[in-house]
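A closer look at the structure
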Amino acid sequence: MAGKEKIHQLIKVALGEAEADLAITNGSIVNVYSGEVLAGDVLIKGDRIASVGKDTGNAIGPKTRVIDAKGKTLIPGLIDGHTHIDTIYSTSELVRYAIKGGTTTIITETANIGCALGYEAVVEFLESTQDQPIKIFVTAPPMVTISPVTEEHALSVSQLRRLLRRREVIGLGEPYWGEVVNSNQRVLDLIAETIRQGKKVDGHSAGASGKKLQAYVAVGVSSCHEPITAEEVMERLRLGLFVLIREGEIRRELEAVSGLKDEGVDLSRLAISTDGLGPRHLINDGYMDFVVQKAIDLGFPPLQAIGMATINVARRFALDDVIGGIAPGKYADIVIIPDLKTIRAEYVISSGRLVAKAGEPLVLPREHDYSPSILKSVKLDRDFKAEDFAVPAAGRQVKVRLIDQVTNLVSREDFASMAVSDGQLKTDAGRDILKVAAIERSFGTGKSFVGFIKGMGFKRGAIATSAVWDCGDIIAVGADENDMAQAVNRIRELDGGIVVCAGGRVLAELALPVGGEISTEPMGSLEDKLGRIQRAAADLGCRLPDVRITLAVLTTAAIPFLRICEHGLVDLRQNKFVDLIVG
């Protein structure tokens, strides 16, 4: 229906003068606006809700599809307000899993593909999110990076302006607070342009408090998903931020902050999100249905838990005029569940279409055909050899600065005295000192850097990945330079991926041909191959719970504090490059 005709039809259905396309009858309807559960019917015309209530008039006719929801509860379609779907799995594969559990809207960052390949790749990724059975909105990538090469190709204000003109681009993604407070002018200009266009700025304030947090909020940041304690949540709520509690692959803080429900404070600006989910979690747990169910199981009142995944998120992004609730004029995004405490989708309606029933999708997502440029993103002009990972040094003994990987995510600075052999520094697996290399692969610069890392645990072999955070590097870690070279060369052959090698053999791999970040394989295959990679790494001595994520974060400015890129080691405390050999 055209715009004017659509409006007239909605009016007629609401008045009972025309037939609805779909009617959900006899249900208990969650009203997120008033905090009530009301008995009634929902009439749908096209992609919108025409009326909600008991008096349907003649709107249910012979051509109306009727779903009898007697004894069931209707809730708004669930919304993930902060995630990263531009890595590992394709958009279409994620949608397949999202719809069956009742997630009808996703709001995603685009930093992974943006930092890897720049503006044009972001545009192509946006195209992959459109014409899907559910709604996908995106935030433009601020591309805060430690990599000088990535910074050269970072998003400009004019490029951001073009992105913000697109309906699906609803704001700017998370600029890390350190760069903002330290007055990175490019990032400040992006924030100012986003606000000028009337759109939202997501936040990332991990570790910020007091005056630094206030300075960060003062520039116009309006949300944060990083608090890990109830105290951190309250500090941000008091500053007027929307806070999105994470319950995903990287971090799960819902239980830690659940005590807020008993404090008698206004939680209307509190929401829940995933910040990204891996294939194993999507297959075994589900998506936002799992998160809302966990909130209820932790003691959040069901209406509050549902609101945190619907109307609160919609309000945060000024989308509450069209999504987030069951009311006339809103998109017909509705999930029918057994009862208020059981978030199990029996029917899922998205934009007026029945897209899933009894946990099975009824509408297939659109698979995107990517352009050759995004499928040929690994621009290494030659194969690597063991000598490419040499670290030259003079004398007989030197003091080396190295990355100490203290958790799966967090690193710190450490120092080690290392012997010089034949003018080089070697790995020392006995002391858990391995080599780590960062190789620029996106723009053909040929830049690379080799340093040292401890805490990974490898006794032999190597692992490499092209899917890293906030830059377009390949990261390789290994106890053997020949295996490091083989892993990098295999990624070159695959045009992106994750590879584990040892003794001249590839032990496990996953191809990531879309921008070096995204697979085209089914979710089940991804789960299997990522499991094989983790097990292969463990067999080589790796003791980290998710080696893929550990490698990915070695390049980010988001997590403290000693990081690496193609130009060298970066101390995030000092915000500068530091020397490898210090004495």
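Remember, predicted model here, so these are calculated numbers, not experimental data. (Residues numbered from 1 in each chain as written. Predicted model: local features only at pLDDT ≥ 70, side-chain atom pairs only at ≥ 80, totals over all residues. Heavy atoms only, no water.)

Quick look at the packing of helix 4 (residues 119-129) against helix 6 (residues 157-164)
Orientation of helix 4 relative to helix 6, taken along the N-to-C sense of each, is 10°, at an axis distance of 11 Å. Between helix 4 and helix 6, the angle is such that the two are roughly parallel. Seen from helix 4, the contacting residues are Tyr 119, Val 122, Val 123 and Leu 126; seen from helix 6, they are Gln 159, Arg 162 and Leu 163. Classifying every residue of the contact of helix 4 with helix 6 by side-chain character gives five nonpolar, one polar and one charged. (Axes fitted to C-alpha atoms, helices over the stretch in contact; angles between N-to-C directions. Helix = DSSP H or I, 4+ residues; strand = E, 2+ residues; numbered from the N terminus. Parallel < 35°, antiparallel > 145°, perpendicular 65-115°, else oblique. Contact = heavy atoms within 4.5 Å. Nonpolar A, V, L, I, M, F, W, Y, C, P; charged D, E, K, R; others polar.)

Details of the packing of aromatic side chains
What the rule picks out here adds up to one aromatic pair. On the numbers, 6.0 Å between centres and 40° between planes, the contact of Phe 384 with Phe 389 is tilted. Across the ring face of Phe 300, the terminal group of Lys 261 is positioned such that the distance to the ring centre comes to 5.9 Å. Between Arg 316 and the ring centre of Phe 317, over which it is positioned, the NZ or CZ distance is 4.5 Å. (Phe/Tyr/Trp six-rings, centres within 6.5 Å; stacked < 30°, edge-to-face > 60°. Lys NZ or Arg CZ within 6 Å of the ring centre and 35° of its normal.)

As for the sheet that holds strand 12 (residues 242-246)
With parallel pairing, the three strands of this open sheet are ordered in space as 11-12-13. On the outer flanks of this sheet lie strand 11 (223-224) and strand 13 (270-273), each paired with one strand and no other. Packed onto the sheet, helix 10 (residues 230-238) meets strand 11, strand 12 and strand 13 and runs at close to 155° relative to strand 12. (Pairing = 2+ DSSP bridges.)

Quick notes on unusual backbone geometry
For the peptide bond that leads from Pro 560 to Phe 561, omega is -15°, which places it in the cis range. Take Phe 561: it is sitting in the loop between helix 19 (547-553) and strand 28 (562-565). The residue Ser 351 is not glycine, and still its phi comes out positive at about 50°. Relative to the elements of secondary structure, Ser 351 occurs in the loop between strand 15 (347-350) and strand 16 (353-357).

Details of the domain arrangement of the protein
The domains assigned to the protein are domain 1 (3-71), domain 2 (77-319) and domain 3 (374-578). Between domain 1 and domain 2, the residue contacts involve six residues of the former and four residues of the latter. Carbon and sulfur atoms make up 80% of the surface buried where domain 1 meets domain 2, a total of about 400 Å² over both sides. Three residues, Val 30, Val 32 and Tyr 33, lead the burial of domain 1 against domain 2; their summed loss comes to 78% of the area buried on that side. The tally of links from domain 1 across to domain 2 stands at zero salt bridges. The interface formed by domain 1 and domain 2 contains zero residue pairs in polar contact (both at pLDDT 80 or more). Class assignment for the residues of the side of domain 1 that touches domain 2 results in four nonpolar, one polar and one charged. (Domains from an automatic or database assignment. Buried area = accessible area lost by both parts, 1.4 Å probe. Salt bridge = Lys/Arg side-chain N within 4 Å of Asp/Glu carboxyl O. Polar contact = N/O pair within 3.5 Å; in protein donor to acceptor, adjacent residues only side chain to side chain.)

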